[in-house]
Amino acid sequence: MIAALVPLVSALALGAEGAGQPSVSDVVFEHVTDSRVIEIQSPFSKDVLLEWHLPSWPVQIAGHTVDLGPTKHVVFMWLSGLVLILFAWLAMRARGKSLVPKGIANVIEMVVLFVRDEIALKTMDEHTAEAYMPYLLTAFFFIVFSAGVGLFPWTATSVGNLAVTGTLALLTFVLMQFAGLSHQGLGYFVHLVPSGVPILLWPLMFVIELLGMFTKTFALCIRLFANMIAGHIVIFFVLGLIFLIGSPLVAVASVPFAVGLYLLEIIIILIQAYIFTMLSALFIGMSAHAH
Amino acid sequence: MLSVIFAADLMAVQPGLVLWTVVTFVVLLVVLSKVAWKPILHLVEEREKTIHGAIEGARKDREAASALLEEQRALLATARKDSAEAVRKALADAEVARQDLVAKSRKEAEDLLARARQQIEEDKAKAQAELRGVVVDLAIEVAAKVLGDHLADATRQRALYEQYVNDLPRERRAG
Amino acid sequence: MWNLALAYFGAGIGSGLCVIGGAAGIGRLTAAAMEAMGRQPSAAGDIRGGMLITAAMIEGVAFFGVVVCLLLTFKSA
């Protein structure tokens, strides 16, 4: 066991570069990071069946050059968005105007009811919940579908990118501020500090709460990102053990383990989508109602 | 060390991606709100309203039915009470009538009895008077036969006997 | 090379400690939540929701630590 681990550890630590062969960690990180190339590799050889170089659109914004060219993650985000719209459209078509859902409309309606009853109505009052339901539902389905698309071969998980999760968290942050200001006006900033705090502690608490607002958002972003990417990295490394150790016998252990992790990923996607939506609703609700 | 470069990329935030995420998310939000969320939430609300209405209607129907049942039951009880009352009253009336009849017949019988008794009394008195006359005449005759015309003044003697008979004790006369 | 090794060492040990802390926290939380669910099965839904949210908070803190360790490896390279 120890003897088997030694080459693995050394390979991971040093990248095991030799004769232009990419190491296992190179392959793994290449799969989970964003890039300008989408390539479909043959499952049986090292041949690349299809290689698509994405265009680069440099744009000057406020003195900085921003590349607006779509990357791998952007393309798969669009793909997941299209799949989501198609799914919703098919569900609505199957259902029609009938009060009783049928077919895949059941799935979508179950989730909608869950988000409404278990997430929105438990964290906000009825009126606020109605206003923020579209955002919560879209966030939930966006996370589920973009991570779900990433589970298929040759695809990428767009929500496993810090920029994407950061943007989602930023949208929640913007809605938190909007909810606070629209429900409480400027009193929102006064009510940041819970009532009952001694007057001497007030400035300190205010700073802490203000910082807390940003850490909440940051945690939202990091949590989603890390959960989405950790599963992929672990699955790749478990499969990579076969090549690191260099014996096909390892596959007997690592392939079932990878399949188990893959199934775990499905659960994690659903749980993380729930947690992101729940926490967003909680934060928005806390901003909307003084406490 | 290629992997470290990739790993550093892992934590990088590209502004282009942020922009595209915002655009994609907002487009999804608008499209899905129109295609799915609004209609689904509307239908769900409508269905809940329908179910609520149905439950409410059933509850109301049940209440109405039970009220009706109560009313019927009350009506039945009243009817039963009325009929019992009527029977009781009829019985009482019959009893009164019977007692009236009995009383009347008893009175008639008593009247009849009284009248009969009176008649008997009268007849008895008449018979006594007649008997008294006969006895007086008989006594005079016997006395005349015994004395043989000693008594000239018959009328005076008759008065004498009559007075004697009348002076007899009353009890003996009544008996 | 010695410094690099130290940085990798620190990052590895640090991320391991973060995972230990997160696992301990989530373990205690879940034990308490399961016990509460056992005592009060009617409130299981609410307890599960609260458990998931709190677990997410603990997990978030653990991830912070892991991210710091990750940054340490990138910086040291």
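Given the structure is predicted, the values throughout are model-derived calculations rather than measurements. (Residues numbered from 1 in each chain as written. Chains lettered and ligands numbered in written order. Predicted model: local features only at pLDDT ≥ 70, side-chain atom pairs only at ≥ 80, totals over all residues. Heavy atoms only, no water.)

A short note on the environment of A:Ala169
Residue and element names in this part refer to chain A. Applied cut-off: Secondary structure elements follow DSSP: runs of H or I no shorter than four residues count as helices, runs of E no shorter than two count as strands, and numbering proceeds from the N terminus. Note on classification: 1.4 Å probe, protein chains only; a residue is buried when its accessible area is under 20% of the maximum for its type, exposed when over 50%, partly exposed between these limits. Should any heavy atoms of two residues lie within 4.5 Å, those residues are considered in contact.
Its location among the elements puts Ala 169 in helix H6 (residues 162-184). Classification of Ala 169 by relative accessible area gives buried; the value is 1%. The spacing of Ala 169 and Asp 26 is 143 residues in sequence and 29 Å in space, taken between C-alpha atoms. Residues within four places of Ala 169 in sequence aside, it is in contact with Thr 217, Leu 220, Cys 221 and Phe 276.

Thoughts on empty space enclosed by the protein
The condition that has to hold: Grid points spaced at 1 Å over the protein atoms alone were grouped into cavities, where a 1.4 Å probe fits but cannot get out, and pockets, open sets with protein on both sides within 12 Å along at least five of seven lines, with lining residues defined by an atom within 4 Å of a point. Grid points are joined across faces, edges and corners, and a volume is the space filled by probe spheres set on the points. All residues other than Ala, Val, Leu, Ile, Met, Phe, Trp, Tyr, Cys, Pro, Asp, Glu, Lys and Arg, Gly among them, are scored as polar; the first ten of these are nonpolar and the last four charged.
Scanning the model with the defined rule gives 1 cavity of 30 Å³ or more in all. Taken as a whole, the largest cavity encloses approximately 40 Å³ of empty space. When its residues are assigned to classes, the lining of the largest cavity shows 4 nonpolar, 5 polar and 2 charged.

Regarding the interface of chain A and chain B
Stated precisely, the cut-off is as follows: What counts as buried area is the accessible surface, traced by a 1.4 Å probe, that two parts surrender upon association, with contributions from both included. Any Lys or Arg side-chain nitrogen located within 4 Å of an Asp or Glu carboxyl oxygen qualifies as a salt bridge. Here a polar contact means two N or O atoms within 3.5 Å. Within protein one must be a hydrogen donor candidate and the other an acceptor candidate, and residues neighboring in sequence count only if both atoms are side-chain atoms.
Taken residue by residue, the interface counts 56 residues in chain A and 38 residues in chain B. Note on chain A versus chain B: buried area summed over both sides is about 4,100 Å², and carbon and sulfur give 79% of it. For chain A, the biggest contributors to the area lost against chain B are A:Met92, A:Leu99 and A:Thr138; these three give 14% of the whole. Inspection of the region where chain A meets chain B yields 2 salt bridges. A salt bridge links B:Arg47 to A:Glu109; the nearest nitrogen and oxygen atoms lie 2.5 Å apart. Taken together, the connections running from chain A to chain B amount to 5 residue pairs in polar contact (both at pLDDT 80 or more).

Details of the packing of aromatic side chains
Remark: the centre distance and the inter-plane angle together describe each pair of aromatic rings, the angle taken between the planes. Note the cut-off: Two aromatic rings from Phe, Tyr or Trp, using only the six-membered ring of Trp, form a pair when their centres are within 6.5 Å; if the ring planes differ by under 30 degrees the pair is stacked, by over 60 it is edge-to-face, and anything between is tilted.
Inspection of the entire model under this criterion finds 11 aromatic pairs over all chains. Judged by centre distance (5.1 Å) and plane angle (35 degrees), the rings of A:Phe173 and A:Phe214 are tilted. Highlighted residues: A:Phe173 in helix H6 and A:Phe214 in helix H8 (residues 202-245), separated in sequence by 41 residues. Among the aromatic side chains, those forming a connected cluster through ring pairs are A:Phe87, A:Phe140, A:Phe141, A:Phe145 and B:Trp37.

Topic: unusual backbone geometry
Residue and element names in this part refer to chain A. Located in the positive-phi region is Trp 154, a residue other than glycine, with phi close to 70 degrees. Mapped onto the fold, Trp 154 is located in the loop between helix H5 (126-149) and H6. The exposure class of Trp 154 is partly exposed, given its relative accessible area of 47%.

Here we look at the interface of chain A and chain C
At the junction of the two partners, chain A supplies 16 residues and chain C supplies 13 residues. Summed over both partners, the interface of chain A with chain C buries about 1,200 Å², with 78% contributed by carbon and sulfur atoms. On the chain A side of the interface with chain C, the three residues burying the most area are A:Ile222, A:Arg223 and A:Tyr274, jointly 31% of the side's total. Where chain A packs against chain C, one counts 1 salt bridge. Among the salt bridges present, the one from A:Lys122 reaches C:Asp46, with a minimum N-O distance of 2.9 Å. Run the count over chain A and chain C and you get 2 residue pairs in polar contact (both at pLDDT 80 or more).

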